[in-house]
Amino acid sequence: MTHHIHIVGGGLAGSEAAWQLAEAGFRVRLSEMRGGGDTTPAHQSDSLAELVCSNSFRSDDAESNAVGLLHQEMRALGSLIMRAGDAHRVPAGSALAVDRDGFSAGVTEALAAHPNITIVRERVDALPEGPAIIATGPLTAPALAEAIGAETGKESLAFFDAIAPIVHRETIDMSVAWFQSRWDKGDGKDYINCPLDKEQYAAFVAALLAAEKTEYRGWENVPYFEGCMPIEVMAERGPETLRFGPMKPVGLDDPRTGRWPYAVVQLRQDNATGTLWNIVGFQTKLKHAEQVRLFRTIPGLEQAEFARLGGLHRNTFLRSPELLDPELRLKSRPATRFAGQVTGCEGYIESAAVGLLAGRFAAAELAGKPLAPPPVETALGALLHHITGAAVAETYQPMNVNFGLFPPIEGRTRKADRKRMYTDRARTALAAWIG
């Protein structure tokens, strides 16, 4: 036998799982269909751990944010994804954002160089025999999705995930736009801000609602995920929705007026050289020509050139609370584990975290030394617990890590102290689990 375990899918979850197993001394066959003649509607390269949407891993604040706490826990457990993220960091205030190409290249190089990992560019159409981790993500190939459905007896649920456009920095008019992070967090200059007054905002929303969208196909009759909703869908909920969402102006002072604008479009650095900037929260299903026309009505973007326009694709995921056990094994087929977004977690870092756990559980099982799940008081444990049983299976929806998944803090507490109490408790629990 050339390998101890077969991992299918080279995204963030599969890459992290492979790294954890290889570092534990086990031989891994990592199958990735991109680069072998196949691709997906969202990917643009054959690099492992490619970031297809935002380049942000969100908050890196481990003291008062559940995402930042998850970052910290993964670093403590030797996460390859966090190591590559830290190595390819770009300015983003208190968030961790990365140069997307440098990040995925770094992950690919690390995995390719590991003596215990064999990367095979191939499409896998059936569940592998023997120990395996399925980490094919939200765009699982049809044949494998059918095989999973046949095994579980359940149809996968589905939702939309939308991609935000990217602008060439040199085409942004900085006589109108300005650098500033909200409330001057970070170094205060991690975002480019394009201001709109009341009339400009109203005209933008009206044009957005009237703009031509790509047509729905039969397989697209599924709900959107609330955390990655197209701007036109948000706008349909009311004329002020965008101004209290991705276009909120609070904490941003227009240097020309000294006041907050009526609305703001923010752009975040997308690569290390600062030549590409993505429009924050502007994932969309508009036709490409409509995107160019509409986004060039935004003050400061009148001459914008786009490196990538927005898009939208379907995601699929398991009804995991019903189908998976606490170690991410398929109950009907315990040799097979699932990891990443196909389990119903949402977000880059959550996907990688579930991959990390799947890899560690599999390594422990192969070594004959069972590993207890991390305590539910930790970010890793709370996320795992939600996926594998705490959520209601019938209404299961993709979920980012958040303090609402954690056990409540006992006793009376001040609201201002609660987040720090969650993170302090989590660090103590993780340290005990690591031993």
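Caption draft 1: Local environment of helix α11 (residues 379-390). For α11, built from twelve residues, the straight-helix expectation of 16 Å at 1.5 Å per residue is missed by more than 12%, its first-to-last C-alpha distance being only 14 Å. α11 sits mainly inside the fold: nine of its twelve residues count as buried. By the burial criterion, the buried members of α11 are Ala 379, Leu 380, Gly 381, Ala 382, Leu 383, Leu 384, His 386, Ile 387 and Thr 388. In this fold, the buried residues of α11 make contact with α2 (66-76), α9 (320-323) and α10 (348-366).

Caption draft 2: Examining the nonpolar core more closely. Among the nonpolar cores identified, the biggest contains 81 residues, and Phe 57, Phe 103 and Phe 406 are the most heavily contacted of them. Non-local contacts of Phe 103, meaning those with residues more than four positions away in its chain, are made with Leu 12, Ala 49, Leu 51, Phe 57, Ile 81, Ala 84, Gly 85, His 88 and Val 98. Counting residues in hydrophobic clusters, the runner-up holds 32 residues, among them Val 167, Ala 235, Leu 267 and Leu 294.

Caption draft 3: The arrangement of the packing of helix α3 (residues 80-87) against helix α4 (residues 100-113) in detail. Axis separation between α3 and α4 bottoms out at 9 Å; the angle between their running directions is 135°. Classified by the angle between their axes, α3 and α4 sit oblique to one another. By crossing handedness, the relation of α3 to α4 is classed as right-handed. Note on element contacts: α4 touches α3 through Phe 103, Val 107, Ala 110 and Leu 111, opposite Leu 80, Ile 81, Arg 83, Ala 84 and Gly 85. Taken together, the residues of the contact of α3 with α4 break down into seven nonpolar, one polar and one charged.

Caption draft 4: Structural context of the pairing of strand β1 (residues 5-8). Residues Ile 5 and Ile 7 point to one face of β1 and His 6 and Val 8 to the other, with burial holding for every one of them. Once the chain exits β1 it traverses helix α1 (residues 12-23) before rejoining the sheet at strand β2 (residues 28-32), and the crossover so formed is right-handed. Of the strand pairs in this sheet, β1 and strand β7 (residues 132-134) are connected by three bridges, and their pairing is parallel. Across the sheet, Val 8 pairs through a bridge with Ile 134, a residue of β7.

Caption draft 5: The arrangement of the pattern of salt bridges in detail. Evaluated as defined, the whole model comprises 26 salt bridges. The residue Arg 333 makes a salt bridge to Glu 151 at a minimum N-O spacing of 3.9 Å. Of this pair, Arg 333 sits in strand β17 (residues 333-338) while Glu 151 sits in helix α5 (residues 142-152), placing them 182 residues apart in sequence. In this structure, Glu 365 engages Arg 337 in a salt bridge whose closest nitrogen and oxygen atoms are separated by 2.7 Å.

Caption draft 6: Fine view of α5. Turning to α5, its buried residues number three or more, namely Leu 144, Ile 148 and Thr 152. Taken end-on, α5 shows its buried residues confined to a sector of 70°, consistent with a single buried face. Facing away from the buried side of α5, by more than 90 degrees, are the exposed residues Pro 142, Glu 146 and Ala 150. Packed against the buried residues of α5 are β1, β7, α9, β16 (329-330) and β17. Following α5 by one or two positions, Gly 153 adopts a phi angle in the positive range, close to 75°.

Caption draft 7: Structural context of the sheet that holds strand β10 (residues 178-179). Pairing within the open sheet is antiparallel, and its six strands lie in the order β10-β11-β12-β13-β9-β14. Pairing within the sheet leaves two strands with one partner each, and these edge strands are β10 and β14 (306-308). With six bridges connecting them, strand β11 (residues 191-196) and strand β12 (residues 263-269) associate as antiparallel partners. What sits directly across from Cys 194, in β12, is Val 265.

Caption draft 8: Quick look at the sheet that holds strand β5 (residues 95-98). Taken together, three strands build an open sheet; the order of strands is β3-β5-β4 and the sheet is antiparallel. Each of the sheet's edge strands pairs with one partner strand only, and the pair in question is β3 (56-59) and β4 (89-90). Strand direction decides the pairing type here: β4 and β5, joined by two bridges, are antiparallel. Bridge assignment links Arg 89 to a residue of β5, and that residue is Val 98. On the sheet, α2 packs against β3, β4 and β5 and is oriented at approximately 115° with respect to β3.

Caption draft 9: Highlighting the environment of Ala 87. Within the secondary structure, Ala 87 is located in helix α3. When its relative accessible area of 58% is taken as the criterion, Ala 87 is described as exposed. Sequence separation between Ala 87 and Phe 103 is 16 residues; the distance between their C-alpha atoms is 7.7 Å.

Cut-offs used in this document
- Per chain, residue numbering runs from 1 following the sequence as it is written.
- pLDDT decides what is reported in this predicted model: residues at 70 or higher carry local features, side-chain atom pairs at 80 or more are listed and counted, and totals for whole chains, interfaces and linings draw on all residues regardless.
- Side-chain numbers come from the whole structure's heavy atoms, not from hydrogens or water.
- By definition, any uninterrupted DSSP run of H or I lasting at least four residues is a helix, any uninterrupted run of E lasting at least two residues is a strand, and each is numbered from the N terminus.
- By this rule the span expected of a helix is its residue count minus one, scaled by 1.5 Å.
- Between buried and exposed lies partly exposed: a residue is buried under 20% and exposed over 50% of the maximum accessible area for its type, with that area taken using a 1.4 Å probe on protein chains only.
- Contacts: residue pairs with any heavy atoms within 4.5 Å of one another.
- In plain words, nonpolar cores are sets of buried Ala, Val, Leu, Ile, Met, Phe, Trp, Tyr and Cys residues tied together by side-chain atoms within 4.5 Å.
- Fitted lines through C-alpha atoms serve as axes, helices being fitted only where they are in contact, and the angles separating the N-to-C directions of these axes extend from 0 to 180 degrees.
- Working definition: roughly parallel below 35 degrees, roughly antiparallel above 145 degrees, roughly perpendicular at 65 to 115 degrees, and oblique for all remaining angles.
- In this scheme the handedness of a crossing depends on how the near helix is turned from the far one: anticlockwise by less than a right angle means left-handed, clockwise means right-handed.
- When residue character is reported, Ala, Val, Leu, Ile, Met, Phe, Trp, Tyr, Cys and Pro are called nonpolar, Asp, Glu, Lys and Arg charged, and the others, Gly included, polar.
- The handedness of a crossover follows from its direction of travel: if, with the strands pointing away from the viewer, the path from the first strand over the helix to the second runs clockwise, the crossover is right-handed.
- In this analysis, strands are considered paired if DSSP registers two or more bridges between them.
- Salt bridges are counted wherever a side-chain nitrogen of Lys or Arg sits within 4 Å of a carboxyl oxygen of Asp or Glu.
- The directions from the helix axis to the C-beta atoms form the arc being described.

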